[in-house]
Amino acid sequence: MRGLASGVLLVSLLMVNAAELPALQEIVDRIAARVENDIILLSDIRLLSRYQQFLDGKSETDAQILDRLIDQWIVRTEADVSRFPHPSDGEIDRGVERLRKSFASAEQYEERRKQSGLSEAEVRGIVASQLYLSNYLDSRFRPGVQIDPKTIDDFYQKSVVPRAKARGQEPPPLDTARDFIQEALVQRGINDQADQWLIESKTRLHIEKFLNEAAR
């Protein structure tokens, strides 16, 4: 859950129409960016910042987080237009459980969650959004990623073996590691293609950033 690449740290976007924002909301929240006819709020940035604190004990800058949210808007919009299926409750349950197990203990999970100010519902909502967006990227780009046997062998010799030896460990046999290496290389290929797609997509979109004004 922590290692999602392609610069697309997956979290739910709280998108609303600017015309529908009540006066009180305009006082306590700000528009951080406009993407086409949608907006990203300062509170969206704060939510992702808290989630990063929850996972890693630190967060990126507001500007970096805003860029992530813009990327997520692009992915979500594409997924919605294609009517890509949302994850089932069971899939979300398993995602939350994987997240829990990524911590040293259940106690550490709860302590970090409370320190970050996230509710269980917010964590579950973010996990659901991560699954939706990452599943869409996988579905879109996996078919175009081809990994030949020589690439797997090269990765084994240049990465797996030296890393194991550096730790004073015996490297696993190539046949044992082959499936793991292939999936890792496929994920790298998906990430590379997704990154390029996002770069190209942003050149076609009308994007305005108001982060400096929003942070005041």
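Residues numbered from 1 in each chain as written. Predicted model: local features only at pLDDT ≥ 70, side-chain atom pairs only at ≥ 80, totals over all residues. Heavy atoms only, no water.

Draft legend 1. Examining the sheet that holds strand 2 (residues 38-41) more closely. With antiparallel pairing, the three strands of this open sheet are ordered in space as 2-1-3. Only two strands of the sheet have a single neighbouring strand rather than two, namely strand 2 and strand 3 (207-209). When the angles between neighbouring strand axes are averaged without regard to direction, this sheet yields 20°. Where strand 1 (residues 31-35) lies against strand 3, three bridges are found, and the strand directions are antiparallel. Counted as the bridge partner of Arg-34 is Glu-208 from strand 3. Relative to the sheet, helix 2 (residues 42-56) contacts strand 1 and strand 2, its axis offset from that of strand 2 by approximately 50°. (Pairing = 2+ DSSP bridges. Helix = DSSP H or I, 4+ residues; strand = E, 2+ residues; numbered from the N terminus. Axes fitted to C-alpha atoms, helices over the stretch in contact; angles between N-to-C directions. Contact = heavy atoms within 4.5 Å.)

Draft legend 2. Here's a closer look at the environment of Gly-95. With respect to the helices, strands and loops of the structure, Gly-95 is situated in helix 4 (residues 89-101). For Gly-95, a relative accessible area of 0% gives the class buried. Spatially, the C-alpha atom of Gly-95 lies 8.6 Å from that of Arg-124, the residues being 29 residues apart in sequence. (Buried < 20%, exposed > 50% of the residue type's maximum accessible area, 1.4 Å probe, protein only.)

Draft legend 3. Spotlight on the nonpolar core. One finds Ile-40, Ile-45, Leu-66, Val-75 and Trp-197 to be the most contacted residues of the largest nonpolar core, which totals 28 residues. Those elements that place two or more of their residues in this core are strand 1, helix 2, helix 3 (62-81), helix 6 (120-141) and helix 8 (174-203). For this core, the element with the most residues is helix 3, which contributes eight residues. With residues up to four places along the chain from it excluded, the contact list for Leu-66 reads Ala-32, Ala-33, Ile-40, Ile-45, Lys-209 and Leu-211. In this structure, Leu-47, Ile-92, Tyr-109 and Leu-118 belong to the second largest nonpolar core, which totals 15 residues. (Core = buried A, V, L, I, M, F, W, Y, C linked by side-chain atoms within 4.5 Å.)

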